[in-house]
2 protein chains.
Amino acid sequence: MGAKGNRYKDNLKATMRAIWLENKELCVREDLPVPVRLSDEVLVRVLRAGICNTDLELTRGYYPFTGVIGHEFVGLVDEGPDEWIGQHVVGEINAVCGRCTSCLNLRRTHCTNRTVLGIHKRDGAFAEFLTLPLENLHILPSTLSIDAATFTEPLAAALQIQSQLKIDKQDCVMVLGAGKLGQLIARSLELTECDLHVFDRNESKLSLLSNRGIFTGHVDAIPNGVFDIAVECTGNPEGFNIARRSLRPLGTLVMKSTYASNLTLDVSDLVVDEITLMGSRCGPFDLALDMLINKQIEVEDLIHARYPLSQGLDAFETAKQPGVLKVLFDV
Amino acid sequence: MGAKGNRYKDNLKATMRAIWLENKELCVREDLPVPVRLSDEVLVRVLRAGICNTDLELTRGYYPFTGVIGHEFVGLVDEGPDEWIGQHVVGEINAVCGRCTSCLNLRRTHCTNRTVLGIHKRDGAFAEFLTLPLENLHILPSTLSIDAATFTEPLAAALQIQSQLKIDKQDCVMVLGAGKLGQLIARSLELTECDLHVFDRNESKLSLLSNRGIFTGHVDAIPNGVFDIAVECTGNPEGFNIARRSLRPLGTLVMKSTYASNLTLDVSDLVVDEITLMGSRCGPFDLALDMLINKQIEVEDLIHARYPLSQGLDAFETAKQPGVLKVLFDV
């Protein structure tokens, strides 16, 4: 099977279906050209994709992106080097230049010239096809389910906390928000054996963690001034102040939420209490994949609903409802 | 010489002169009672004291303190255990309970029940006498000048950065603000042999550092996105955004300034660039004293003017002028 022309053999059309974002409005389009890969890229036929909180924030204007959204996916390589064709893959979302200061200093996810799948200057994964540089792909073993593999990207983001900050048994850690990302963060922190507490307003989200033996509680019951580390992943600005108040002096607030609005901050208060705030974003794919393959992290109970791409707007409406965790597209 | 009654022998009055802050207004008072020490405290006759930016911020309402202000001092022990009487001392400014969670976890400067000399619930050092717990005092060797020793507290605050954050030769570090604290921070960072750059608007402040071989520049010439670490010690809110912009992704902004106003922050921007903000306050007195004794840090060129306590308001007016570094009181 040749590296080129494969697309047209399997899929006798030059247009595809995808979910398009423009001026904060989503629509399902049938007329988009199948993307054309560059020489270092592969064309991937998307099999499954997941809606992330960043996708919801993009529809609220957090970042002015126009294009196909979506960045969590599993696909089949459709065009690329012969040995890759037909492989099941997941893909890192930052496509990088390899030459800028960030790239040369091993901070590739911060490449100055990067495009980001479904977020910045690159059409995304809520589509029949996407392109990514070959170097971004990770081949999936047949033992890993497609559903589980769809969580590779958000699990990597959860694990990024531990690449930035050493967390161990001695630490008293709170996770604020038991949503899509909070669930993965809590499950990955559980493995450190730290003293873990997860807070949310939603009982059903919390029960997925308390059933696993993790201490959970309502947001109104969060004590002040006690946690060594607080991870804010509510996806809304109010979460910041709640997480900050929960910290002991010299504690660390990990910020995982991106949202459209700004925050007013009392800097002197952070200085007096010597608080550290740490922004945290994309993480290690290799490690995330290993943990999914070895079933160290279970994710399948997080799937709330599945939609075909053609029902993209319904899928987003569902994903926005309180209490809903992961919504997947069966492409 | 007995431990008690010494005060009345040397100083035949029960009232003293001090600089009093109330409702953001300063006044020199002659009628204040000499403070009475508790059983674990000593009475210190103040010899010299320095005006800090926190003192200036207190007059702007950064924190609603009423009382004698001032916290940088050198004094003579006037009442206390026999072996301490007549010793030259400096003193740590946080008087702690020893029993709260912070104290029991070696975070004594964050004691929940603390009083802070001239800042919070404890009269301060711009006075003829002050009291502090005996455990707060450090005896000065005769080889250390009283002028230099007056810088122990702010130098400890400068050194706190390095107790929170490892900084070494590989790091490209910028200090924003070459004022009283910025000078000490720059001089302490210089010893790490990091790639150090100091920025300010004031040429004369910068020249004290460039004369020592430190790279300095005007604030308008600060490049964006290049520094591993930025230390914000301008004492004003605009400094924050300048320092933040100067950082590369995954960089660290050390916040040393306390000021009265709040700051509006784009949290998503900190998350995307994975920036760490680190509040930093009081630091290690032992280390600061050692460095002053060993002349690893020189401070005497930072002294701009000296006033008697009776001219306290003039001293504060001078200290507020741009370009002015340390103003001392000869008590």
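Since this is a predicted model, take the numbers as computed values, not measurements.

About the thresholds
- Residues numbered from 1 in each chain as written.
- Chains lettered and ligands numbered in written order.
- Predicted model: local features only at pLDDT ≥ 70, side-chain atom pairs only at ≥ 80, totals over all residues.
- Heavy atoms only, no water.
- Helix = DSSP H or I, 4+ residues; strand = E, 2+ residues; numbered from the N terminus.
- Rg over C-alpha atoms; globule rule 2.2 N^0.38 Å.
- Buried < 20%, exposed > 50% of the residue type's maximum accessible area, 1.4 Å probe, protein only.
- Contact = heavy atoms within 4.5 Å.
- Areas by Shrake-Rupley, 256 points an atom, 1.4 Å probe, with all protein chains shown as cover.
- Lys, Arg positive; Asp, Glu negative; His and termini not counted.
- Charge placed at Lys NZ, Arg CZ, Asp CG, Glu CD.
- Pairing = 2+ DSSP bridges.
- pLDDT = per-residue confidence, 0-100.
- Salt bridge = Lys/Arg side-chain N within 4 Å of Asp/Glu carboxyl O.
- Domains from an automatic or database assignment.
- Polar contact = N/O pair within 3.5 Å; in protein donor to acceptor, adjacent residues only side chain to side chain.
- Axes fitted to C-alpha atoms, helices over the stretch in contact; angles between N-to-C directions.
- Parallel < 35°, antiparallel > 145°, perpendicular 65-115°, else oblique.
- Left-handed = near helix turned anticlockwise from the far one by under 90°.
- Least-squares fit on C-alpha atoms with pLDDT ≥ 70 in both.
- Phe/Tyr/Trp six-rings, centres within 6.5 Å; stacked < 30°, edge-to-face > 60°.
- Lys NZ or Arg CZ within 6 Å of the ring centre and 35° of its normal.
- Buried area = accessible area lost by both parts, 1.4 Å probe.
- Nonpolar A, V, L, I, M, F, W, Y, C, P; charged D, E, K, R; others polar.
- Right-handed = clockwise from strand over helix to strand, strands pointing away.

## Regarding the overall build of chain A
When you go through chain A residue by residue, the secondary structure sums to eleven helices and 20 strands. Relative to the 2.2 N^0.38 estimate, which gives 20 Å for 331 residues, the radius of gyration of chain A is 20 Å and therefore close to what a compact globule would have. Overall, chain A is about 60 × 40 × 40 Å in size when its C-alpha atoms are taken along their principal axes. Taken across its 331 residues, chain A has 61% of its residues classed as buried. When contacts within chain A are restricted to residue pairs at least 6 apart in sequence, those whose partners lie at least 24 apart make up 66%. Summed over its atoms, the accessible surface of chain A is roughly 13100 Å², and 49% of this surface lies on carbon and sulfur atoms. Distance from the positive charge centre (33 side chains) to the negative charge centre (43 side chains) of chain A: 4 Å.

## Description of the sheet that holds strand β1 (residues 15-22) of chain B
Sheet strands associate in pairs through backbone hydrogen bonding, adopting either a parallel or an antiparallel arrangement. Residues and elements named next belong to chain B. Pairing in this open sheet of three strands is antiparallel, and the strands run β2-β1-β4 from one edge to the other. Edge positions in the sheet fall to β2 (25-33) and β4 (67-68), since each of these pairs with one other strand and no more. In this sheet, β4 lies alongside β1 in antiparallel orientation, the contact comprising two bridges. In the strand pairing of β4, leucine 21 is matched with glycine 67.

## Some points on the confidence of the model for chain A
Residues and elements named next belong to chain A. Taken over all residues, the pLDDT of chain A has a mean of 94, while the share at 70 or more is 96%. Predicted confidence for residues 1-5 stays below pLDDT 50, and this span has twelve contacts to residues more than four positions away or in other chains. For this predicted complex, the interface score ipTM comes out at 0.92, while the overall pTM is 0.92.

## Details of the pattern of salt bridges
Residues and elements named next belong to chain B. Here the structure, examined in full by the defined rule, presents 43 salt bridges over all chains. Of the charged contacts, one joins glutamate 72 and lysine 326 as a salt bridge, the two residues approaching to 2.8 Å between their closest N and O atoms. Here lysine 326 lies in strand β20 (residues 326-330) and glutamate 72 lies in strand β5 (residues 72-79), a separation of 254 residues in the sequence. Across the pair, exposure class does not vary: glutamate 72 and lysine 326 are buried alike.

## Some words on the domain arrangement of chain A
Residues and elements named next belong to chain A. Taken domain by domain, chain A comprises domain 1 (4-151 + 299-330) and domain 2 (158-279). For domain 1 versus domain 2, the separation of C-alpha centres amounts to 28 Å. Residue-level contacts link 19 residues of domain 1 with 14 residues of domain 2. Applying the counting rule to domain 1 against domain 2 returns one salt bridge. With its nearest N and O atoms 2.8 Å apart, the salt bridge here joins aspartate 301 to arginine 187. Between domain 1 and domain 2 we count one residue pair in polar contact (both at pLDDT 80 or more) in total. The element best represented in the side of domain 1 that touches domain 2 is helix α2 (residues 53-59), accounting for four residues.

## A word on the packing of helix α5 (residues 152-164) of chain B against helix α10 (residues 285-293) of chain B
Residue and element names in this part refer to chain B. The interhelical angle for the contact between α5 and α10, taken along N-to-C directions, is 110°, at an axis separation of 8 Å. Here α5 lies roughly perpendicular to α10, going by the angle between them. Between α5 and α10 lies a crossing of right-handed hand. Side by side, α5 and α10 meet where Thr152, Glu153, Leu155, Ala156 and Leu159 of the first sit next to Phe285, Leu287, Ala288, Leu289, Met291 and Leu292 of the second.

## Some remarks on the relation of the copies chain A and chain B
You can overlay chain A on chain B at an RMSD of 0.0 Å; the transform is a turn of 180° with a shift of 0.0 Å along its axis. The transformation relating the two chain copies, once decomposed into turn and shift, fits a two-fold axis. Across chain A, the smallest distance between a C-alpha and the rotation axis is recorded for A:Thr264, namely 2.1 Å. Counting the interface residues of chain A, we find that 100% of their copies in chain B are interface residues as well, pointing to one common contact surface.

## A look at the packing of aromatic side chains
Residues and elements named next belong to chain A. Per the stated rule, a full pass over the model turns up six aromatic pairs over all chains. Here the aromatic rings of phenylalanine 126 and phenylalanine 316 are separated by 6.0 Å at their centres, their planes lie at 75°, and the arrangement is edge-to-face. Taken together, the residues span a long stretch of sequence, with phenylalanine 126 in the loop between β9 (121-122) and β10 (129-133) and phenylalanine 316 in helix α11 (residues 312-320) at a distance of 190 residues. Each member of the pair, phenylalanine 126 as well as phenylalanine 316, carries the same accessibility label: buried. Put simply, the rings of Phe126, Phe316 and Phe329 touch in pairs and so form one group of aromatic residues. Against the face of tryptophan 20 rests arginine 29, its NZ or CZ located 4.6 Å from the ring centre.

## Here's the deal with the interface of chain A and chain B
Chain A puts 36 residues into the contact, and the matching count from chain B is 36 residues. Between chain A and chain B the total buried area reaches about 3100 Å² when both faces are included, carbon and sulfur atoms providing 56% of it. When the buried surface of chain A facing chain B is broken down by residue, A:His110, A:Val271 and A:Glu274 rank first, second and third, together holding 19% of it. Counting every contact that joins chain A to chain B gives zero salt bridges. Where chain A meets chain B, there are 13 residue pairs in polar contact (both at pLDDT 80 or more). Secondary-structure elements contributing two or more residues to the side of chain A that touches chain B are α5 (152-164), β16 (247-255), β17 (263-265), α9 (267-272) and β18 (276-279) of chain A. Here the element with the most residues in the side of chain A that touches chain B is α9(A); it accounts for five residues. Along the lines of polarity and charge, the residues of the side of chain A that touches chain B split into 15 nonpolar, 13 polar and eight charged.

## Thoughts on the sheet that holds strand β13 (residues 195-200) of chain A
Taken in spatial order, the twelve strands make up an open sheet running β14(A)-β13(A)-β12(A)-β15(A)-β16(A)-β18(A)-β18(B)-β16(B)-β15(B)-β12(B)-β13(B)-β14(B), and their pairing is mixed. The strands lining the two open edges of the sheet, one partner per strand, are β14 (215-218) of chain A together with β14 (215-218) of chain B. Each strand axis lies, on average, 20° off the axis of its neighbour in the sheet, ignoring direction. Bridge analysis of strand β15 (residues 227-232) of chain A against β16(A) gives five bridges, and the strand direction is parallel. Note that in β16(A) the partner of A:Glu232 across the bridge is A:Met255. Along the sheet, α5(B) makes contact with β16 of chain A together with β15 (227-232), β16 (247-255) and β18 (276-279) of chain B, crossing β18(B) at roughly 135°.

## Notes on unusual backbone geometry
Residue and element names in this part refer to chain A. Look at glutamate 193: it is not a glycine, yet its phi comes out positive at around 65°. You can see glutamate 193 is positioned in the loop between α6 (180-190) and β13. By relative accessible area, glutamate 193 is classed as exposed at 53%.

## Details of the side chain of A:Thr258
Looking at where A:Thr258 falls in the secondary structure, it is placed in the loop between β16 and β17. Apart from the residues lying within four places of it in its own chain, the contact partners of A:Thr258 are A:Thr54, A:Glu57, A:Tyr62, B:Ser268, B:Val271 and B:Val272.

## Concerning the pairing of strand β19 (residues 303-308) of chain A
All names here are of chain A. When β19 meets strand β20 (residues 326-330), the two strands line up parallel, connected through five bridges. From the neighbouring strand, alanine 305 faces β20, where its bridge partner is valine 327. On the question of chirality, the crossover connecting β19 to the parallel β20 by way of α11 is right-handed.

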